[in-house]
Amino acid sequence: MRHVAVIGSGPAGYYTAEACGKQFGADVRIDILDRLPVPYGLIRTGVAPDHQSIKSVSRRYEATALTDSVRFCGNVTLGQDVAVAELLDLYDAVVLATGAPADRPLGIPGHDLPGVVGSAAFVGWYNGHPDHADLSPALSGPGAVVIGAGNVALDVARILAKSTDEFAGSDIVGHALEALDGHGIDRVTILARRGPNEIAMTPKELGEIAHLSRAVPRVDPADLPPIEADAALDPGQRKAVALLRSFSVPSAEQSITIDFDFFAAPVAIERAGDALSVVIERTRLDDHGRAIGTGETYAIPASLVVSCIGYRTPPIEGVPYDEALGRFANNDGRIAPGLYAVGWARRGPTGTIGTNRPDGFLIAEHIAADIGQGSGKAGRDGLDSLLASRGVDLVTFQGWQAIERAEVANARLGAPREKFTRVDAMLAARTDLPG
Ligand code: NAP
């Protein structure tokens, strides 16, 4: 028998479990540990609440979770309840699928002022992550500035711009819906430090902001490159840029504008009273396509600044770490004998949810090549004894299903669920209902 521990129950974790199940059949036991009592990581608290079709992939993970060889072990914190070294003693393979839940630092003066938040916190807030449920973002307006030209920036701009009615059918948490309802923001500025051809936004997501009931996207035609340059773009990027071109054509006024500000690098954030001011330097592209400051600056006022410039994997004591790349140091997923990284913890915060599937299969192949038939380790029995001796209240998949039933029962009209945003409430729901 082979024993595999996967740390993190997001897409990378579940795809790894699925792949190990396919690789080893009945000759493997896979424990998926998560510090929260609820599974699915980014699907639950990262993917936008109005993107339910993306979230529905969790049904696939559920099928994996319900196979005999796989067990969900929620409410178990690595480094607190159990150490990596202990897991390596108990399991033939330990796979770190811990994602990249920390914001890349903006690193400009004023980045830590009240009203300035990272996308991990802001997205976690509207998605009900227990770490961020108390965020209380400054929504008084009139302006909000969103830094970055990726899909997370678009998610944040769209969530700020949508009307309450447009959240029908989403699983946005009640506290966020209430705070967003009637907020004072009438202008969301997306700051892109490079140009339209360099955006990291995809057409489907860009298309969505063109169809909002109370908001209109705007692009300054002067920022658009000559149309002849579009031919050199790959088809997806060309489509995205065509959408930006369409946003430069004047359209009917709406109560909220989503302004794309290209060639605009934030250099400082200042605060006077309740108001923030984002100081921006105009940029141009150098021969390598990098943004270079031109020395020309201007400022945009805002109550809220959300930095959406990418993420980092938090280090774990004793695990080799690549500071520059913000993820575990690894060779194609191998970190050290018996220790692996997968998903964003392996390759950084890029790609779609589905990108993690081949990642999981790659790691399963490495594990198969490295551990043979397994070496008679204690596996889950050993983990259970250790956690019991430490009084850890482990939540199984059945426990999660009880929590989920309670969330579905608590749903607002039209919403698929009302998520618990506190760990104690999750644990109470687990025990209050039969598992
Ligand atoms: P991303 O795609 O890497 O975009 C990050 C953006 O931040 C880039 O435009 C980057 O500009 C900019 N940036 C980085 N450092 C900056 C700085 N110091 N100052 C100003 N701007 C800076 O990251 P993301 O938006 O966090 O998305 C992460 C991954 O999740 C992506 O693969 C994304 O597609 C995916 N995702 C997908 C969806 C969806 O499919 N619906 C939704 C959300 C996220 P430069 O290009 O100039 O570096």
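*Asks:* Explain the packing of aromatic side chains here, please?
*Replies:* For any two aromatic rings, the description comes down to two numbers: the centre-to-centre distance and the angle of the planes. Tallied over the full model, the rule gives 11 aromatic pairs. With a centroid separation of 5.6 Å and 55° between ring planes, the pair formed by Tyr 14 and Tyr 40 is classed as tilted. Taken as a pair, Tyr 14 in helix α1 (residues 11-24) and Tyr 40 in the loop between β2 (28-33) and α2 (41-45) lie far apart in primary sequence, 26 residues in all. For the pair Tyr 14 and Tyr 40, one class covers both residues: buried. Among the aromatic residues, those joined into a ring-pair cluster are Tyr 14, Tyr 15, Tyr 40, Tyr 61 and Trp 400.

*Asks:* For this particular structure, what's the right way to read the pairing of strand β7 (residues 143-147)?
*Replies:* In regular strands, side chains alternate between the two faces of the sheet. The buried fraction of β7 amounts to 5 of the 5 residues, a majority that puts the element mostly inside the structure. Judged by which residues are buried, β7 turns out to be covered on both faces: Gly 143, Val 145 and Ile 147 on one side and Ala 144 and Val 146 on the other are all buried. Bridge count between β7 and strand β14 (residues 304-307): 4 bridges; the pairing is parallel. Within the sheet, the bridge partner assigned to Val 145 lies in β14 and is Val 305.

*Asks:* Even after reading the chapter, I still don't get the sheet that holds strand β1 (residues 2-7), so can you show me in this structure?
*Replies:* Two strands in a sheet stick together by hydrogen bonds in their backbones, pointing the same way (parallel) or opposite ways (antiparallel). One open sheet accounts for 6 strands, arranged β3-β2-β1-β4-β19-β18; its pairing is mixed. Edge positions in the sheet fall to β3 (70-73) and β18 (334-336), since each has one partner strand and no second. Here the average twist between neighbouring strands, direction ignored, is 25°.

*Asks:* How do you make sense of the packing of helix α6 (residues 119-126) against helix α7 (residues 151-161) when you look at a structure like this?
*Replies:* Two elements in contact, α6 and α7, have axes whose closest approach is 11 Å; the angle formed by their N-to-C orientations is 45°. On the basis of their axis angle, the class for α6 and α7 is oblique. Judged by the sense of rotation from one axis to the other, the crossing of α6 with α7 is left-handed. Here Ser 119, Phe 122, Val 123 and Tyr 126 of α6 come into contact with α7, specifically with Val 152, Asp 155, Val 156, Ile 159 and Leu 160. Taken together, the residues of the contact of α6 with α7 sort by class into 7 nonpolar, 1 polar and 1 charged.

*Asks:* What is the right way to look at the pattern of salt bridges in this model?
*Replies:* Any two side chains of opposite charge can pair, given that their charged atoms come close. For the structure on display, the rule yields 33 salt bridges. Between Arg 60 and Glu 18 there is a salt bridge, with its nearest N and O atoms 2.9 Å apart. Here Arg 60, found in helix α4 (residues 58-65), pairs with Glu 18, found in helix α1; they are 42 residues apart in sequence, far enough to count as distant. Its relative accessible area of 9% is what places Glu 18 among the buried residues. For Arg 59, the salt bridge identified is with Glu 404, shortest N-O distance 3.5 Å. On the criterion of sequence distance, the pair formed by Arg 59 in helix α4 and Glu 404 in helix α14 (residues 397-409) is long-range, its members being 345 residues apart. For Glu 404, a relative accessible area of 11% corresponds to the buried category. Here the salt bridges share partners, and the residues they tie into one network are Arg 44, Arg 59, Glu 62, Glu 404, Glu 407 and Arg 417.

*Asks:* I'm lost on the nonpolar core in this one. Help?
*Replies:* Most often, soluble globular proteins have nonpolar side chains that are buried together. Among the nonpolar cores identified, the biggest contains 44 residues, and Leu 160 and Phe 260 are the most heavily contacted of them. It is α7 that contributes the most residues to this core, 7 residues altogether. Dropping the residues within four chain positions of it, Leu 160 is found in contact with Phe 122, Leu 139, Ala 144, Val 146, Leu 180, His 183, Ile 185, Val 188, Arg 214, Ile 256 and Leu 304. Counting 41 residues, the second largest nonpolar core, distinct from the first, contains Tyr 14, Ala 17, Val 57 and Ala 429.

*Asks:* Would you explain the sheet that holds strand β10 (residues 256-261) in this entry?
*Replies:* Across the sheet, 6 strands lie side by side as β6-β14-β7-β8-β10-β9; this open sheet has parallel pairing. Edge positions in the open sheet fall to β6 (116-118) and β9 (215-219), since each of these has one partner strand only. Taking each pair of neighbouring strands and ignoring which way they run, the sheet shows an average axis angle of 20°. Pairing of β6 with β14, which is carried by 3 bridges, proceeds in the parallel orientation. Residue pairing across strands places Gly 118 opposite Ser 307, the latter belonging to β14. Against the sheet, α6 contacts β6 and β14, and its axis sits at roughly 80° relative to β6. Against the sheet, α7 touches β7, β8 (187-191), β9, β10 and β14, its axis set at about 160° to β10.

Rules behind the numbers
Residue numbering note: each chain is counted from 1, following its sequence as written. Totals for whole chains, interfaces and linings use every residue, but because this is a predicted model, local features are given only for residues with pLDDT of at least 70 and side-chain atom pairs only at 80 or more, for both listing and counting. Only heavy atoms go into the side-chain values, all of them from the structure, while hydrogens and water stay out. Only rings of Phe, Tyr and Trp enter the pairing, Trp through its six-membered ring, and a pair is recorded when the two centres are within 6.5 Å. The plane angle decides the type: under 30 degrees is stacked, over 60 is edge-to-face, the rest tilted. Every helix listed is a DSSP run of H or I at least four residues long, and every strand listed is a run of E at least two residues long, numbered separately from the N terminus. Remark: exposure states derive from per-residue accessible area (1.4 Å probe, protein chains only) relative to the maximum for the residue type, with buried under 20%, exposed over 50%, and partly exposed in between. In this scheme, strands are said to pair when DSSP sees at least two bridges between them. Each axis is a line fitted through C-alpha atoms, and for a helix only the stretch in contact is used; angles between axes span 0 to 180 degrees, taken between their N-to-C directions. Should an angle lie under 35 degrees it is considered roughly parallel, over 145 roughly antiparallel, and from 65 to 115 roughly perpendicular; all remaining angles are considered oblique. Crossing handedness: left-handed means the near helix sits turned counterclockwise from the far one by under a right angle, and right-handed means the same turn made clockwise. Note on contacts: a residue pair qualifies if any of its non-hydrogen atoms lie within 4.5 Å across the two residues. Note on residue categories: nonpolar means Ala, Val, Leu, Ile, Met, Phe, Trp, Tyr, Cys or Pro, charged means Asp, Glu, Lys or Arg, and polar means any other residue, Gly included. By definition, a salt bridge exists where a carboxyl oxygen of Asp or Glu is found within 4 Å of a side-chain nitrogen of Lys or Arg. Residue types Ala, Val, Leu, Ile, Met, Phe, Trp, Tyr and Cys, when buried and joined through side-chain atoms within 4.5 Å, form a set referred to as a nonpolar core.

Nothing here speaks to function; it is all geometry.
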